[in-house]
There are 2 protein chains.
Amino acid sequence: MRRLTFRYPNGKRYTKSATPQKMGKANRGMSLEEDINQSIIHYRNTERAIIHKKPTPVQIVNVDYPKRSRAKITEAYFRQASTTDYNGVYKGRYVDFEAKETHQVQSFPLKNLHEHQITHMQEIDAHGGFGFLILRFARSQETFVIKTSDFLHLKASTERKSVQKTHIETYGVKLANTTLPPVDFLPAVDLLFQ
Amino acid sequence: MRRLTFRYPNGKRYTKSATPQKMGKANRGMSLEEDINQSIIHYRNTERAIIHKKPTPVQIVNVDYPKRSRAKITEAYFRQASTTDYNGVYKGRYVDFEAKETHQVQSFPLKNLHEHQITHMQEIDAHGGFGFLILRFARSQETFVIKTSDFLHLKASTERKSVQKTHIETYGVKLANTTLPPVDFLPAVDLLFQ
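Thresholds, definitions, all that
- Residues numbered from 1 in each chain as written.
- Chains lettered and ligands numbered in written order.
- Predicted model: local features only at pLDDT ≥ 70, side-chain atom pairs only at ≥ 80, totals over all residues.
- Heavy atoms only, no water.
- Helix = DSSP H or I, 4+ residues; strand = E, 2+ residues; numbered from the N terminus.
- Contact = heavy atoms within 4.5 Å.
- Buried < 20%, exposed > 50% of the residue type's maximum accessible area, 1.4 Å probe, protein only.
- Pairing = 2+ DSSP bridges.
- Expected span 1.5 Å × (residues − 1).
- Buried area = accessible area lost by both parts, 1.4 Å probe.
- Salt bridge = Lys/Arg side-chain N within 4 Å of Asp/Glu carboxyl O.
- Polar contact = N/O pair within 3.5 Å; in protein donor to acceptor, adjacent residues only side chain to side chain.
- Axes fitted to C-alpha atoms, helices over the stretch in contact; angles between N-to-C directions.
- Parallel < 35°, antiparallel > 145°, perpendicular 65-115°, else oblique.
- Left-handed = near helix turned anticlockwise from the far one by under 90°.
- Nonpolar A, V, L, I, M, F, W, Y, C, P; charged D, E, K, R; others polar.
- Phe/Tyr/Trp six-rings, centres within 6.5 Å; stacked < 30°, edge-to-face > 60°.
- Least-squares fit on C-alpha atoms with pLDDT ≥ 70 in both.

Chemist: If you had to explain the environment of Glu33 of chain B to someone new, which residues and values would you point to?
Modeler: Residue and element names in this part refer to chain B. Here Glu33 is to be found in helix H1 (residues 32–45). Along the sequence, Glu33 and Arg136 sit 103 residues apart, while their C-alpha atoms lie 10 Å from each other. Excluding anything up to four places from it in sequence, Glu33 contacts Lys53 and Tyr86.

Chemist: Describe in detail the pairing of strand S7 (residues 93–102) of chain A, supporting the description with residues and values.
Modeler: Residue and element names in this part refer to chain A. The element S7 is extensively covered by neighbouring structure, given that eight of its ten residues are classed as buried. Alignment of strand S6 (residues 86–90) against S7, held across five bridges, turns out to be antiparallel. Bridging across to S7, Asn87 finds its partner in Asp96. Adjacent in sequence and paired antiparallel, S6 and S7 are bridged by two residues, among which Lys91 carries a positive phi angle near 50 degrees.

Chemist: Tell me about helix H1 (residues 32–45) of chain A, and name the residues and values.
Modeler: All names here are of chain A. Compared with the 20 Å implied by 1.5 Å per residue over 14 residues, the 20 Å span of H1 between its first and last C-alpha is a close match. Those residues of H1 lying buried are Leu32, Glu34, Asp35, Ile36, Asn37, Ser39, Ile40, His42 and Tyr43. The secondary structure elements touched by the buried residues of H1 are strand S3 (50–53), S6, S7, strand S9 (130–137), strand S10 (142–147) and helix H5 (186–192). Looking one or two residues past H1, Glu47 carries a phi angle of roughly 60 degrees, positive in sign.

Chemist: Tell me about the interface of chain B and chain A, residues and numbers included.
Modeler: Contact residues are listed per partner, giving 39 residues for chain B and 39 residues for chain A. Of the roughly 3,200 Å² buried between chain B and chain A, counting both surfaces, carbon and sulfur atoms make up 63%. Applying the counting criterion to the chain B and chain A interface returns two salt bridges. A salt bridge links Glu123 of chain B to Arg44 of chain A, with the nearest nitrogen and oxygen atoms 2.8 Å apart. The interface formed by chain B and chain A includes eleven residue pairs in polar contact (both at pLDDT 80 or more). The set of elements that each furnish at least two residues to the side of chain B that touches chain A consists of strand S3 (50–53), strand S4 (58–64), strand S5 (72–78), strand S6 (86–90), strand S7 (93–102) and helix H2 (115–126) of chain B.

Chemist: Outline the packing of helix H2 (residues 115–126) of chain A against helix H3 (residues 148–156) of chain A, supporting the account with residue identities and numerical values.
Modeler: Residue and element names in this part refer to chain A. For the pair H2 and H3, the least separation of the axes is 10 Å and the interaxial angle reads 130 degrees. Judged by the inter-axis angle, H2 sits oblique to H3. Where H2 crosses over H3, the two elements pack in a sense that is left-handed. Residues Ile118, Met121, Gln122 and Asp125 of H2 pack against Thr148, Ser149, Leu152 and Lys155 of H3. Residue composition of the contact of H2 with H3, grouped by class: three nonpolar, three polar and two charged.

Chemist: Can you lay out the pairing of strand S5 (residues 72–78) of chain A for me, pointing to particular residues and giving the numbers?
Modeler: Of the strand pairs in this sheet, strand S4 (residues 58–64) of chain A and S5 of chain A are connected by six bridges, and their pairing is antiparallel. Residue pairing for S5 of chain A: Ile60 of chain A is matched across the bridge by Ala76 of chain A. Bridge count between S5 of chain A and S5 of chain B: two bridges; the pairing is antiparallel. Paired with Ile73 of chain A across the bridge in S5 of chain B is Ala76 of chain B.

Chemist: Provide a residue-level description of the packing of aromatic side chains, including the pertinent values.
Modeler: Summed over the entire model, instances satisfying the criterion amount to 19 aromatic pairs over all chains. With a centroid separation of 5.5 Å and 80 degrees between ring planes, the pair formed by Phe108 of chain B and Phe137 of chain B is classed as edge-to-face. Here Phe108 of chain B, found in strand S8 (residues 107–109), pairs with Phe137 of chain B, found in strand S9 (residues 130–137); they are 29 residues apart in sequence, far enough to count as distant. Each member of the aromatic cluster is reached from another via a ring pair, and the members are Tyr43, Tyr86, Phe97, Phe130, Phe132, Phe185 and Phe193 of chain A.

Chemist: Can you break down the side chain of His52 of chain A residue by residue, with the values?
Modeler: With respect to the element layout, His52 of chain A can be found in strand S3. Apart from the residues within four sequence positions on either side, His52 of chain A is in contact with Ile40, Asp85, Tyr86 and Asn87 of chain A together with Lys54, Ser82, Thr83 and His120 of chain B.

Chemist: Describe in detail the sheet that holds S5 of chain B, supporting the description with residues and values.
Modeler: Within a sheet, each strand pairs with its neighbour through backbone hydrogen bonds, oriented either parallel or antiparallel. Reading across the sheet, the four strands line up as S4(A)-S5(A)-S5(B)-S4(B) and stay open at both edges, with antiparallel pairing between neighbours. On the outer flanks of this sheet lie S4 of chain A together with S4 of chain B, each paired with one strand and no other. On average, each strand axis in the sheet is inclined to that of its neighbour by 30 degrees, with strand direction left out of account.

Chemist: Residue-level account of the relation of the copies chain B and chain A, with values.
Modeler: In this structure, two copies of a chain are linked by a rotation about an axis accompanied by a shift along it. The two copies are related by a screw operation: chain B maps onto chain A through 180 degrees of rotation and 0.0 Å of translation along the axis, at an RMSD of 0.0 Å. The two molecules are tied by a two-fold rotation axis, judged by turn and shift. Of the interface residues in chain B, 100% have counterparts in chain A that sit at the interface too, so the contact is made through matching surfaces.

As structure tokens, this is what we get:
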């Protein structure tokens, strides 16, 4: 057993025990969010696309303004996001996506997408934006890109509270295992929205 | 003299004394931000464009998780924004803008745009997005839309720490006084990026 230590951009330490012989690229314990954040930095540096993660929406209730010191927020609450997490520009077009990870094996649960986000996705679609989801099955470390319109169609056509993995495989594009960027989703966007 | 009281979305109270006979639509004391927020809601409701204001970026240091109550952020700090405030989709294209107001009469000061935002604007421009500024001269209640590329060109060609109003009049589009939406900037975007 070996202990690996990562630091997230927010400074939080993430420690995960990993068995060395099992460690491929896919098993480094990096979250999908971390992988996507690295990927959008890479796309920006290589001038492929400009995509940013939106800040966490916070309702600020109280702020202290100490003398000779910066303002300190002393009371605030998390608000529910009314949009997806990521958006930006790719070849002049508007791109907009949400990233979700599951530990289930056969299907993707829908409970993580709330109504506001689904409405937002439908609006982006209606206005000609490139709206999609990046879905990762954490156990098999498989990552898919699927158009929001296809995903919402699959969601609407089932009684279940999840979308079957086989359907995601049919409508989505499975990403190759790459290192830089760790989630190379732009070729899938080209393919899905051509 | 009459006292009018408004509340901004952040809950801060804004009080402005106004002489009733001088009160046209333009003098209601609404901030540019408030006007733009109303306008993007109107555009969304009338299915013209989907534009959102980004949440204020906050660095969260400490969170309390009380029993039977929602999480409370007890220590956080404002971070400098690395992008502009507004972005979204219009006719499939990526739109991105910043809104600024000045009380100066003859020129627009540049100090309110920081380096990160200028870099972001240049990147949006390079990737074919529709990048622009909405500038308001508060005293005359004149509002202009100007392409970021033109504004940055004007900025680069002067030794001053401000851009002359006459130049903004030449390169920008002056908005008509409208009520709904209060800042009708999409026709100017059509004109500037045609």
